[in-house]
Amino acid sequence: MDERSGQVNIAFSPSPEKLNINPEQNPQQNKKKITNIRERPKWDNQLEFLMSCIATSVGLGNVWRFPFVAYQNGGGAFLIPYIIVLFIIGKPMYYLETVLGQFSNSNCVKVWALSPAMKGTGYAQTLGAMYLVSYYVSIIALCFYYLAMSFQSPLPWAVCAPEWANCVPSGESVNISEIAGNPLSSAELYFTHTVLRQSNGIHSGIGVPLWDLTLCLFISWVIIFLIVARSVKSSGKAAYFLALFPYVVMIILLIRAVTLPGAVNGILFFVTPVWSKILEIRVWYAAVTQVFFSLSVCSGTLIMFSSYNGFRQNVYRDSMIVTTLDTFTSLISGITIFGVLGNLAYELNYDDISNVLGSGGTSLAFVSYPDAIAKTPFLPQLFAVLFFLMMATLGVGSGVALLSTINTVLLDSFPRVPTHFMSAGVCSALFLIGLIYVTPGGQYVLELVDHYGGTFMRLFSAIVETIGVFWIYGLENICLDIEYMLGVKTSFFWRICWMVVTPLLMIFVFFYAIITTDKLVFGDDYEYPSSAYLAGDLLQYIGMAMVPLFILIALKKYRTNSVVGTIRNAFRPKDTYGPQSDELREGWVKFRQEAKTQRKIKRKNWLYHFFIILFKGYR
């Protein structure tokens, strides 16, 4: 513990007097450095930020991924770990990232002026956002494909094609005893055979891009480009529609799903916990990764969005609204999905809900929902159009946020490049990468990238982020920043989560995943070729390597004649960190000096100091 710092953290944690912000040292130099920072655009009003966060966090992760993860982990047994993880990891991380972005007015890379050696965390998050958006937009493309097909009568997935054996039409009731073998719904066969034209594996290659899905992918990227072309000036306006419209359709679909025959069995499967599952660590790992995916934490998005806020905006309130609404949306989607699965089991004469759908990935969203729509007695085409327009809207909202994260990092590094030029270049590059996912083997690659680049690496980034903020920058420092910015003291709950519970739980889950995770398997039994597993490892380890790489770079950049001095300089906040306004910055410096004085008066010993920092703070 550093006696001068007053922080419960590692030896090189910065003290207020070592933040290089004391105007008595060189006020003109500090003022010049702050004034020269490129001014960031702002939201037109506070509601645009809230709507953008809702559009980002409430997305396809709720409709597509949450029911699928719950399905894989025992239905209702998954809900208890998910809710617990939401409160001790999801909400604290969401609140933290909105605070960091708003306080510093910086993107996920430049925010690490609070500890320059940890800048690799921001680059790892940006790379993870690139992995995610590359395949995320291909799912939006599937939504547009289904949207175009929804105007046909009858719906193309509601009837069986002549070549489909053991097919049960989704649009009508069929006597299951008349069908031999293992019956499958026409909605599932349509998705795999007509839309994806899915191959039996990728051992012999992934195939060439399918022209119709390529066209849909191109349209998706054009829409995203048009929204981000003027940064927050355009994306903020679009956020109202992107955030609110999906709920209208979601409620309609929920009502329809719960009224289907057999739906109650599926819903009970979803909400009834199997207590033995709760003791399985893999279920908790699934809950952690789902919370990260659903809330978009540690992807750089939240830091980026909040960096466009006014300094005094109540991000605590906004964070609680979005995280609660996100969970509510996931539960609605889960009930709807499992209501449909219960109906499918009823139609196919299955007693066990888990036998209804064997394939994974995006199948739940593009099989179960279309199947429910096909059974709608009144204008199924209307329900189909509304649903897939909703799905596309959810996807575009998250896609805009992920692309904006990458854009912001690049624009802050190359400020002379116009926003629309940078957006066009990034969209074009990611469109070319996305062609991989619209091939017959695309879904296999999607699962691979999601597993290695979208979950495991993000968990690693979250662990490093909490260590960098709370153990290097210091818990008391960040709590003082929050008190100065929002005018509220940080409660015991947030302090204990940030300092102890959240990082320790994430570290435990991380090492558990390293030790016990089996090879990724697609569907029930398909194993990837060894080269695919190698490619997956490269995806995640390249991102993880950013952290030690930039630590070494910082140690070289800030080297001195002593090892301790070099480490302190590399991990100490830069003098540019803090509020970007000169007036706010001067007030911040004075506020911290007053807090330091109070701490010197009240401090007794290390144990007392640790107790105060962890439970209530000195002020």
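Remember, it's a predicted structure, so these values are computed and weren't measured experimentally.

A. Structural context of the state of the cysteines. On inspection of all chains with the given rule, the structure shows 1 disulfide. Disulfide partner of C160: C167, at an S-S distance of 2.0 Å. Taking the torsion about the sulfur-sulfur bond, which here is approximately -80°, the covalent link between C160 and C167 counts as left-handed. Taking relative accessible area as the criterion, C167 reaches 10% and is therefore assigned buried. With no disulfide of its own, C53 lies closest to C298 among cysteine sulfurs, the gap being 14 Å. Left without a disulfide partner, C497 is nearest to the cysteine sulfur of C479, which lies 12 Å away.

B. Spatial organisation of the side chain of T336. The topology assignment puts T336 in helix α13 (residues 315–348). From its side chain, T336 meets the backbone oxygen of I332 in a polar contact 2.8 Å long. Once you skip the residues sitting within four places of it in the chain, T336 turns out to touch L253, L254, A257 and Y369.

C. View of a nonpolar patch on the surface. Side chains of W211, L215, F218, I219, V222 and L226 sit close together on the surface and give an oily, nonpolar patch of about 630 Å² of accessible area. Relative to the assigned elements, L215 resides in helix α7 (residues 211–228).

D. View of the packing of helix α19 (residues 530–557) against helix α20 (residues 563–571). Running from amino to carboxyl end, α19 crosses α20 at an angle of 115°, the nearest separation of the two axes being 8 Å. Between α19 and α20 lies a crossing whose hand is right-handed. Packed against α19, whose contacting residues are I551, A554 and L555, the element α20 presents T566, I567, A570 and F571 at the interface. Taken together, the residues that form the contact of α19 with α20 break down as 6 nonpolar, 1 polar and no charged.

E. Up close: the environment of D412. Inspection of the secondary structure assignment puts D412 in helix α15 (residues 380–413). Spatially, the C-alpha atom of D412 lies 8.0 Å from that of N107, the residues being 305 residues apart in sequence.

F. The arrangement of the packing of aromatic side chains in detail. Overall, the coordinates contain 45 aromatic pairs when judged by the stated rule. Both rings, one in Y316 and one in W494, keep their centres 5.9 Å apart while their planes meet at 90°; by these two values the pair is edge-to-face. In this pair, Y316 sits in helix α13 while W494 sits in helix α18 (residues 492–516), placing the two residues 178 residues apart along the sequence. Taking relative accessible area as the criterion, Y316 reaches 33% and is therefore assigned partly exposed. In textbook terms, an aromatic cluster arises when at least three aromatic residues are bridged by ring pairs, as seen for Y145, Y146, W157, Y190, F191, F366, F387 and F388. The ring centre of F87 lies 5.5 Å from the NZ or CZ of K91, which sits over that ring. Seen from the ring of Y484, R312 lies directly overhead, with NZ or CZ sitting 4.9 Å from the centre.

G. Local environment of the packing of helix α4 (residues 76–104) against helix α11 (residues 281–295). Two elements in contact, α4 and α11, have axes whose closest approach is 8 Å; the angle formed by their N-to-C orientations is 50°. Judged by the inter-axis angle, α4 sits oblique to α11. The handedness of the crossing between α4 and α11 is right-handed. Contacts between α4 and α11 involve A77, F78, P81, Y82, I84, V85, L86, I89, G90 and Y94 from the first element and V283, W284, A286, A287, V288, Q290, V291, F292, S294 and L295 from the second. For the contact of α4 with α11, the residue count by class is 17 nonpolar, 3 polar and no charged.

H. Expanded view of the nonpolar core. Ranked by size, the top nonpolar core spans 191 residues in total, and within it W221 and F366 carry the most contacts. Looking at this core element by element, the count peaks at 22 residues for helix α17 (residues 442–486). With near-sequence residues (within four places) excluded, F366 lies in contact with I139, L142, C143, Y146, A187, F191, F388 and M391. Ranked by size, the runner-up nonpolar core spans 10 residues in total, among them I202, L520, Y528 and A532.

I. Looking closely at helix α22 (residues 606–615). Every buried residue of α22 is accounted for by H609, I612, I613 and L614. The inward-facing, buried residues of α22 contact α17, α18 and α21 (582–602). Backbone geometry just downstream of α22 places G617 in the positive-phi region, at approximately 85°.

J. How the structure looks around the pattern of salt bridges. Applying the stated criterion across every chain yields a total of 5 salt bridges. With a closest N to O distance of 2.9 Å, D212 and R197 form a salt bridge. Of this pair, D212 sits in helix α7 while R197 sits in the loop between α6 (186–195) and α7, and the two are 15 residues apart along the sequence. On the basis of relative accessible area, D212 is assigned to the buried category, the value being 11%. For R197, a relative accessible area of 28% gives the class partly exposed.

K. Expanded view of unusual backbone geometry. Of note, the bond from S153 into P154 is cis; its omega dihedral lies within 30 degrees of zero at 0°. Assignment of secondary structure puts P154 in the loop between α5 (120–149) and β1 (167–168). For N105, which is not a glycine, the phi torsion comes out positive at approximately 50°. Relative to the helices and strands, N105 resides in the loop between α4 and α5. Notably, S296 is not glycine yet its phi reads approximately 65°, a positive angle. Of note, S296 is situated in the loop between α11 and α12 (301–306). Note on S296: relative accessible area 8%, which makes it buried.

L. Just the environment of W164, in detail. Here W164 is to be found in the loop between α5 and β1. The spacing of W164 and H193 is 29 residues in sequence and 9.1 Å in space, taken between C-alpha atoms.

M. Representation of the side chain of S333 in the model. Positionally, S333 belongs in helix α13. Residue contacts for S333: discarding those within four places in its chain leaves N62, V63, P67, M250 and Y369.

Rules used throughout
- Residues numbered from 1 in each chain as written.
- Predicted model: local features only at pLDDT ≥ 70, side-chain atom pairs only at ≥ 80, totals over all residues.
- Heavy atoms only, no water.
- Disulfide = S-S within 2.5 Å.
- Buried < 20%, exposed > 50% of the residue type's maximum accessible area, 1.4 Å probe, protein only.
- Helix = DSSP H or I, 4+ residues; strand = E, 2+ residues; numbered from the N terminus.
- Polar contact = N/O pair within 3.5 Å; in protein donor to acceptor, adjacent residues only side chain to side chain.
- Contact = heavy atoms within 4.5 Å.
- Patch = residues over 30% accessible without salt bridge, like charges linked within 9 Å, V, L, I, M, F, W, Y side chains within 5 Å.
- Areas by Shrake-Rupley, 256 points an atom, 1.4 Å probe, with all protein chains shown as cover.
- Salt bridge = Lys/Arg side-chain N within 4 Å of Asp/Glu carboxyl O.
- Axes fitted to C-alpha atoms, helices over the stretch in contact; angles between N-to-C directions.
- Left-handed = near helix turned anticlockwise from the far one by under 90°.
- Nonpolar A, V, L, I, M, F, W, Y, C, P; charged D, E, K, R; others polar.
- Phe/Tyr/Trp six-rings, centres within 6.5 Å; stacked < 30°, edge-to-face > 60°.
- Lys NZ or Arg CZ within 6 Å of the ring centre and 35° of its normal.
- Parallel < 35°, antiparallel > 145°, perpendicular 65-115°, else oblique.
- Core = buried A, V, L, I, M, F, W, Y, C linked by side-chain atoms within 4.5 Å.

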